Amino acid sequence: MKLVIAIVQKEDSNNLQRAFVQNDFRATKLATSGGFLSQGNTTFLIGCEDEKVDDVLKIIKQESRAREEIATPHMLSTGYEITQPLKITVGGATCFVVPVDEFKRF
Amino acid sequence: MKLVIAIVQKEDSNNLQRAFVQNDFRATKLATSGGFLSQGNTTFLIGCEDEKVDDVLKIIKQESRAREEIATPHMLSTGYEITQPLKITVGGATCFVVPVDEFKRF
Amino acid sequence: MKLVIAIVQKEDSNNLQRAFVQNDFRATKLATSGGFLSQGNTTFLIGCEDEKVDDVLKIIKQESRAREEIATPHMLSTGYEITQPLKITVGGATCFVVPVDEFKRF
Ligand code: NI
Ligand code: NI
Ligand code: NI
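The residue count restarts for each chain, going from 1 along the sequence in the order it is written. Chain A is the first chain written and ligand 1 is the first ligand written, with later ones labelled in order. Local features are withheld for residues below a pLDDT of 70 in this predicted model, meaning they are given only at 70 or higher, and side-chain atom pairs are given and counted only at 80 or more; totals for whole chains, interfaces and linings count all residues. Computation of side-chain values: all heavy atoms of the structure, hydrogens and water removed.

**Student:** Just to check I follow, could you spell out the overall build of chain A for this structure?
**Tutor:** Scanning chain A from terminus to terminus reveals 2 helices and 7 strands. The rule is simple: take the accessible area with a 1.4 Å probe, protein chains only, and divide by the maximum for that residue type; under 20% is buried, over 50% is exposed, in between is partly exposed. A buried classification covers 44% of the 106 residues belonging to chain A. Note on definitions: a residue-residue contact is assigned when non-hydrogen atoms from the two residues lie within 4.5 Å. Excluding contacts between residues fewer than 6 apart, the proportion of contacts in chain A whose partners are at least 24 apart in sequence is 69%. On chain A, roughly 5,700 Å² of surface is accessible, and the fraction owed to carbon and sulfur atoms is 46%. Strands here are runs of E lasting at least two residues and helices are runs of H or I lasting at least four, both read from the DSSP assignment and numbered beginning at the N terminus. The accessible surface values rely on the Shrake-Rupley method and a 1.4 Å probe; as for residues, cover is taken only from the protein chains in view.

Below, the structure is given as structure tokens:
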């Protein structure tokens, strides 16, 4: 048994949670404030069998890896008009896989 | 030394915290948002000696295991009157016991 | 690779976060409610190489160890005037160092 602790950007957390449910993984979302990514992040705890860790990591990568996006007005609350397409990096995930000595559900 | 990470339903968290204090366990309550249980849940971190893990799990089971309750009006904010007793499942705990290489208090 | 889980008092969390950044450690601050220290606490997750654990612990000790302070008016919201210097204990950190089987950044 392993515990995957995943820190993702807040904007990806709903999609990621949905993907965990669709793939029958039980994930718990912790409330997170601030962090190393400017727009805030969210921490997930996912318990899974050793042989499922790669599947969990694959889902996290799919839903929340760092990628470039063209900024759209809703992303910029500056009041300035966008006259040129603006590339920004969004997403990004940090994952720790930790051993579990014992797992209990009551 | 072990770290017990326990995810319980929000409604049980105050009773559980009181039980940890009464039994001289130091528990930290993390703020948790949403999760796999519809009414929100809370995560506790409890550090303890290896031989105390069973006591910690026993307390968690006692205070927050899944059980059936008869729904009372304060649980239902629908505006409908209850004409029949309604059984609902409340509580439930998920516990990970994780090894600790080093423990420091400053 | 290790994961350091550090629980510090809320009042020290900004200084600690700044110290982590200055020393090139990536730390994630979880929102924490209540806990065993009366004024609320904050949990940090810090991933680091095995040989850097002592540096991480040193920073945590430096920024958030328990120490005595003379209470100043902003600390007391009682409405009473302070007529004598009042020593109070502030700070304090609890740190768990946990093994990491796998670490991924996406
Ligand atoms: Ni295992
Ligand atoms: Ni031990
Ligand atoms: Ni290592």
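Text resumes after the structure shown.
**Student:** Explain the relation of the copies chain C and chain A here, please?
**Tutor:** Of the transformation superimposing chain C on chain A, the axial component is 0.0 Å and the angular component is 120°, with the fit at an RMSD of 0.0 Å. The operation mapping one copy onto its partner corresponds to a three-fold rotation axis. Interface overlap between copies is the fraction of interface residues in one copy that are interface residues in the other; for chain C against chain A it is only 20%, indicating separate surfaces. Least-squares superposition of the copies uses the C-alpha atoms of those residues scoring a pLDDT of at least 70 in each of them.

**Student:** So what exactly am I meant to see when it comes to the coordination of the nickel ion (ligand 3) here?
**Tutor:** Each donor-metal-donor angle would ideally measure 109.5 degrees in four-coordinate tetrahedral geometry, or 90 or 180 degrees in six-coordinate octahedral geometry. Residues and elements named next belong to chain C. Excluding water, the donors of a metal are its N, O and S neighbours within 2.8 Å, or within 3.2 Å for Na, K and Ca, and that exclusion means sites may look incomplete. Protein ligation of the nickel ion (ligand 3) involves Met 1 (N) and Asp 50 (OD), the donor distances falling in the range 1.6 to 2.6 Å. Taken together, the residues Met 1 in the segment before β1 (2-9) and Asp 50 in the loop between β3 (41-48) and α2 (53-64) connect sequence positions 49 residues apart. Residue classification places Asp 50 among the partly exposed residues on the basis of a relative accessible area of 40%.

**Student:** Just checking my understanding: could you explain the pattern of salt bridges for this structure?
**Tutor:** Two side chains of opposite charge can pair, provided their charged atoms sit close to one another. We define a salt bridge as a side-chain nitrogen of Lys or Arg found within 4 Å of a carboxyl oxygen belonging to Asp or Glu. Under the definition given, this model contains 12 salt bridges over all chains. Across the salt bridge formed by B:Glu68 and B:Lys87, the nearest N and O atoms sit 3.8 Å from each other. Here B:Glu68 is found in strand β4 (residues 67-70), whereas its partner B:Lys87 is found in strand β5 (residues 87-90), with 19 residues between them in sequence. Classification of B:Lys87 by relative accessible area gives exposed; the value is 59%. Note that C:Lys2 and B:Asp101 form a salt bridge whose closest N and O atoms lie 2.5 Å from each other. With C:Lys2 in strand β1 and B:Asp101 in the loop between β6 (93-99) and β7 (102-105), this pair bridges two chains.

**Student:** What am I meant to see in the environment of B:Thr28 here?
**Tutor:** Here B:Thr28 is to be found in strand β2 (residues 27-30). Measuring from C-alpha to C-alpha, the distance between B:Thr28 and B:Leu45 comes to 5.1 Å, with 17 residues separating the pair along the chain.

**Student:** For this particular structure, what's the right way to read the sheet that holds strand β7 (residues 102-105) of chain A?
**Tutor:** Each pair of strands is called paired provided DSSP finds at least two bridges between the two strands. The antiparallel open sheet is built from 5 strands, whose spatial order is β7(A)-β6(B)-β1(B)-β3(B)-β2(B). The outermost strands of the open sheet, each flanked by one partner alone, are β7 of chain A together with β2 of chain B. Direction aside, neighbouring strands of the sheet carry axes that sit 15° apart on average. As judged from the 4 bridges shared by β7(A) and β6(B), these two strands associate in the antiparallel manner. Within the sheet, the bridge partner assigned to A:Glu102 lies in β6(B) and is B:Val97. Lines fitted to C-alpha atoms define the axes here, with helix axes fitted over just the stretch in contact, and angles between the N-to-C directions of these axes take values from 0 to 180 degrees.

**Student:** When you look at the interface of chain C and chain A in this model, what are you seeing that I'm missing?
**Tutor:** How big an interface is tends to be expressed through the accessible area that disappears when the partners come together. Counting residues at the interface gives 20 residues for chain C, matched by 26 residues for chain A. Two parts placed together each lose some accessible area; with a 1.4 Å probe, that loss summed over both constitutes the buried area. Buried area between chain C and chain A, summed over both chains or domains, comes out near 1,800 Å², and the portion from carbon and sulfur atoms is 64%. Viewed at the interface, chain A and chain C are joined by 1 salt bridge. Each polar contact in these results corresponds to two N or O atoms within 3.5 Å; when the atoms are within protein, one needs to be able to donate a hydrogen and the other to accept it, and residues that are neighboring in sequence are counted only if both atoms are side-chain atoms. The interface formed by chain C and chain A includes 6 residue pairs in polar contact (both at pLDDT 80 or more). Looking at the side of chain C that touches chain A, the elements with two or more residues in it are β2 (27-30), β3, β6 (93-99) and β7 (102-105) of chain C. Put simply, Ala, Val, Leu, Ile, Met, Phe, Trp, Tyr, Cys and Pro go in the nonpolar bin, Asp, Glu, Lys and Arg in the charged bin, and everything else, Gly too, in the polar bin. A breakdown of the residues in the side of chain C that touches chain A according to their chemical character gives 11 nonpolar, 3 polar and 6 charged.

**Student:** Help me out: how do you make sense of the relation of the copies chain B and chain A in this one?
**Tutor:** Both copies of the chain are related through a single rotation about an axis accompanied by a shift along the same axis. Laying chain B over chain A is done by rotating through 120° and shifting 0.0 Å along the axis; what remains is an RMSD of 0.0 Å. Looking at chain B, a mere 15% of its interface residues are interface residues in chain A too, so the copies touch through different faces.

**Student:** Got a minute to help me understand the interface of chain B and chain A in this structure?
**Tutor:** Facing 26 residues of chain B, the contacting portion of chain A comprises 20 residues. Interface area, chain B with chain A, both sides summed: about 1,800 Å², of which 64% is carbon and sulfur. Viewed at the interface, chain A and chain B are joined by 1 salt bridge. For the pair chain B and chain A, the number of links is 6 residue pairs in polar contact (both at pLDDT 80 or more). Listed by contribution, the elements that provide at least two residues to the side of chain B that touches chain A are β1 (2-9), β3 (41-48), α2 (53-64) and β6 of chain B. A per-element tally of the side of chain B that touches chain A places β6(B) first, with 7 residues. Its residues assigned to classes, the side of chain B that touches chain A shows 15 nonpolar, 7 polar and 4 charged.

Just distances and angles here, no functional claims.
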